[in-house]
Amino acid sequence: MEEEGKWESKFPAFPYEPYSIQIDFMNSLYHSLNKGGVSMLESPTGTGKTLSIICSALQWVVDRREQQKSEKGGDGKTWENDDEHGLDDEPDWIRDFVANKDNQGQEKKIKMKKFGVGFGKPDKRRDRESCKDLFSQGMEGEDLVTKKEGENSQKKKDAVELTDEEFLLEDYESEVEGPGGKSKRKSGGDPLSSSSDGEGEEDHSNEEEEEKLKVYFCSRTHSQLSQFIKELRKTIFANEIKVVSLGSRKNFCINEEVSKLGNSTRINERCLELQKNNKKEVSKIKNMGAGGRIRRTKASSGCPMLRKPKLQRQFRSEISQQGALDIEDLVHLGRNMGTCPYYGSRSMVPAADLVILPYQSLLSKSSRESLGLNLKNNIVIIDEAHNLADSLISMYDSKLTLSQLENVHSHIERYFERFRNLLGPGNRRYIQTLMVLTRAFLQILREDASVDLPHTEKASGANSAFYASMAINDFLFSLNIDNINLVKLLQYIKESNIIHKVSGYGDKTASLQKCSAHYDTGECSEVESTLSGFRALSDMLLSLTNNNGDGKIIVSRSQPTCSGQQGGYIKYVMLTGEKIFSEIVDQAHAVLLAGGTLQPIEETRERLFPWLPPNQLHFFSCSHIVPPESILPVAVSRGPSGQSFDFSYSSRSSAIMIQELGLLLCNLVTVVPEGIVVFFSSFDYEGQVYDAWKASGLMERIMKKKRLFREPRKSTDVESVLKEYKETINTLSIGASKENPASQSGAIFLAVVGGKISEGINLSDGMGRCIVMVGLPYPSPSDIELIERVKHIEGLGNSNPIKPPKFSVTEEVYNGDVKAGFDILRSCRRRGKEYYENLCMKAVNQSIGRAIRHVNDYAAILLVDTRYASDPSSRSLSHPANRLPQWIKDRLVSSTDSYGEVHKLLHQFFRFNKKRGC
């Protein structure tokens, strides 16, 4: 009872009596927050990790606020009145942010200060991040028409046809000799920060909120964030703190004309385009002056969901009253009120105590700045952090396709040809520079390219594809564009509004050719494809401002497909996440990485925070809450006919191996009750196995006992298939009668490692009575990006960075050639090889962790491959079995003589748990 009193007094919000491991987890997390810095907390899925995080982290916030209040002699501030009091000691960052939003009509000087323009030596990373939000900034606010001009530009405008006047760029001249190149162009006002009319009204009450201690919780998927909200609602915190959920426009949009576009990029662009048009109407009214007769009507441009600021205020009020809402709740509320839930939720961030958001929104600096997230002295909790390093660096990749380049280049050329004699020298110079760059990029991608690519890794597959990887400097030198000041060029793109002038003119000419953009049908989205192309070009230029060793450029020349798609691309692959992650760690009070399987932690430390000594990294790990008899992990090395299982790359496609796997399933459906989930290494391999079983008759035998489902490639279809799978199990399992044992009992689900089923889906109870992992799902060594990451990681910690590690294959073909890829992997001595093996086993652990979701759950886990089997006393540290979670490894049946032995174990296991009444 004394122990019970301890946890109740320390974590009173926990809704049940916690297990000892949950108390240990909460204590460890609380200690981590006291200490600050970076911590890693590992707790198996199904152990109440999310609830433990909520009760510990939010309790720490409550305790800290009470402590601060007592130190200040009592503040008297409550949740209800904190919107009405200002704080004088607000951080500089948020002062700049609020000032920007409240003073959208100020001079260029303020705008340039916000974006870090006017520097001495350019900070490339800072400039990259500030420019990253280039398109959202420009699209959300810049007018396509600026009526006020000086006398010189007015003469030029008089010479332009009235219909083309709006596309002419204003004069732009940078101070070439100065330290930063400040524009002498007049500004038409700072771009909107992404909302609509009346936004300024909401910001005055939010200035003081950023001082308040916040918790930012992020996870990989929207379903995982919704699960977090469900757990939060079980606690008293749900109604005592201010909570806001953030997400993508695709998940939030309630404007049917926009949401039915489907594609995230097109939804984003159309949303921003509507706001740009809305701002344009406002500017026209302002420019008419007091005597103007133009009046905005409901039919004017702009999103109808943002036309009434009063509704946005009511939306925020409703959120405050209703407590913790997930994205579906917010969408439902927005739809009922007729106002935008995306911007409504964003506007709640300054006042929130707990912000729940996806990875991208928190880990990308440009997204943080766009959303107005201030991490300074706050708490960051990153859940599902098992692949954090790869997820983080992938956000900073950029890709520019041949078709995008051709589109952008032709638009710029057409624009320059039309307005050449009317543009000032500054505009002419920068536009010509852009054409030099796009021409150089095109030259390197086209089939007849004569550009020499020295010091590269080259590859050519059977499909006549050509690949080359190289460092940034090698790429720039090979194209003779190393003398171009990319920082200034990016500054020009951002400030001059050239993107929308060129796109607008291109859209007009396309309209004249009867190919206008049909947003509602997507038949010919000329303006969208042009804007997407400009974004891709700008992202690539930003990537080229990175340090030479931060990433690699990959050039692909390939034949266009029969559908005419792509044909080639240039891609920047970010390889180091250290600097990116340090920006989060340096600002936040504490950064907590949580997950079901975080080990090996050394790889994560070396890739994300190598500056942190191992003894200063707080790491906590606990076992599972389920008793040993509730789980049966078995390494299955032989099939029913005695055939040894070998699903390595060279053997997995053999008819014998696929046949033996089918025979295994035929036996399993007779002994396993309810649901079986089978994980394959890829969609292609799953399809190959399915077709073979169907042709041989094995599929018919399997389906006599269980109904079969397959994971759809399209992630949006997964939910409906899962729902049907669950309903089938519930119906057939109850209906299976002893009088008719031949009838169907349950279902079998063919899933894919790395697919949606393997990431964050709850396969509790009957949905996952048996998990079958087919082989070891190593990623393909033919992936050029993977090999570049492997080589980079192999060189981490190298005492002599001038001499990179030697590889047996360096100037040889490896993309499209699996054998050569394996040669490179074999050349890795330690880190690169470990990374490749960890990728595989992390995927295995994620997949098999879908089962056993609560203390009364039970499941069998079959690891089907001889490589899983071993003698525990003699297996090496790198053996796959040693990379399993401890709670599975401790109970693993690591070797069996025959399938008969496996079948007997399964029969006993399910009979025991059925009697136990689980």
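Residues numbered from 1 in each chain as written. Predicted model: local features only at pLDDT ≥ 70, side-chain atom pairs only at ≥ 80, totals over all residues. Heavy atoms only, no water.

Caption draft 1: Main features of unusual backbone geometry. For the peptide bond that leads from Q599 to P600, omega is 0°, which places it in the cis range. Tracing the backbone through its elements, the reader meets P600 in the loop between β11 (590-595) and α28 (601-608). One non-glycine residue, E674, lies in the positive phi region at around 60°. The topology assignment puts E674 in the loop between α29 (655-671) and β14 (675-680). A relative accessible area of 22% places E674 in the partly exposed class. Positive phi values are uncommon outside glycine, yet I852 reaches one of about 60°. (Helix = DSSP H or I, 4+ residues; strand = E, 2+ residues; numbered from the N terminus. Buried < 20%, exposed > 50% of the residue type's maximum accessible area, 1.4 Å probe, protein only.)

Caption draft 2: Structural context of the confidence of the model for the protein chain. Confidence in the prediction for the protein chain averages 79 pLDDT; 74% of positions are at 70 or higher. Contacts for the low-pLDDT stretch residues 177-182, under 50 throughout, to residues beyond four places or in other chains number 16 contacts. Low pLDDT, under 50, characterises residues 808-815; the stretch is placed with 33 contacts to residues that sit more than four places away or in other chains. (pLDDT = per-residue confidence, 0-100. Contact = heavy atoms within 4.5 Å.)

Caption draft 3: Highlighting the pairing of strand β13 (residues 631-636). Among the six residues of β13, six are classified as buried, and the element is accordingly described as predominantly covered. Of the two faces of β13, both are covered, the one formed by I631, P633 and A635 as well as the one formed by L632, V634 and V636. Pairing between β13 and strand β18 (residues 859-864): six bridges, direction parallel. If you follow L632 over to β18, its bridge partner there is A860. (Pairing = 2+ DSSP bridges.)

Caption draft 4: Region of interest: the packing of helix α33 (residues 784-794) against helix α34 (residues 818-827). It is the contact of α33 with α34, at a shortest axis distance of 10 Å, that shows an interaxial angle of 15°. When the interaxial angle is binned, α33 and α34 end up roughly parallel. Here the hand of the crossing between α33 and α34 comes out left-handed. Together, I787, V790 and K791 of α33 and G821, I824 and L825 of α34 make up the contact between the two elements. Residue classes in the contact of α33 with α34 are distributed as four nonpolar, one polar and one charged. (Axes fitted to C-alpha atoms, helices over the stretch in contact; angles between N-to-C directions. Parallel < 35°, antiparallel > 145°, perpendicular 65-115°, else oblique. Left-handed = near helix turned anticlockwise from the far one by under 90°. Nonpolar A, V, L, I, M, F, W, Y, C, P; charged D, E, K, R; others polar.)

Caption draft 5: Spatial organisation of helix α37 (residues 899-916). A rise of 1.5 Å per residue sets the reference length of α37, with its 18 residues, at 26 Å; its end C-alpha atoms lie 26 Å apart and thus fit the reference within 8%. Turning to α37, its buried residues number three or more, namely Y899, V902, L906, F909, F910 and N913. Summarising the axial view, the buried residues of α37 lie within an arc of 90°, below the 170-degree limit, and thus occupy one face. Exposed and facing more than 90 degrees away from the buried side of α37 are K904 and K915. Those residues of α37 that are buried lie in contact with β13, α29 and β18. (Expected span 1.5 Å × (residues − 1). Arc of directions from axis to C-beta.)

Caption draft 6: Geometry of the sheet that holds strand β12 (residues 618-621). The strand order across the open sheet built from seven strands is β3-β4-β2-β5-β11-β1-β12, with neighbouring strands paired in parallel fashion. The sheet terminates laterally at β3 (243-245) and β12, the two strands that pair on one side only. Neighbour-to-neighbour, the strand axes of this sheet turn through a mean angle of 15°, independent of strand direction. Bridge count for strand β1 (residues 37-42) against β12 is four bridges, and the pairing is parallel. Each bridged residue has a counterpart across the sheet, and for E42 the counterpart in β12 is S621. In the packing of helix α3 (residues 49-71) onto the sheet, contacts are made with β2 (215-219), β4 (354-358), β5 (379-382) and β11, and the angle to β5 comes to roughly 175°.

Caption draft 7: The nonpolar core, seen in detail. Ranked by internal contacts, the top residues of the largest apolar core, which has 116 residues, are I382, I431, F441, F475, L541, I553 and F581. When residues in this core are grouped by element, the largest group, ten residues, is from helix α22 (residues 425-445). When neighbours within four sequence positions are excluded, F441 is seen to be in contact with L400, L405, F475, L479, I481, L537, L541, L544 and I570. (Core = buried A, V, L, I, M, F, W, Y, C linked by side-chain atoms within 4.5 Å.)

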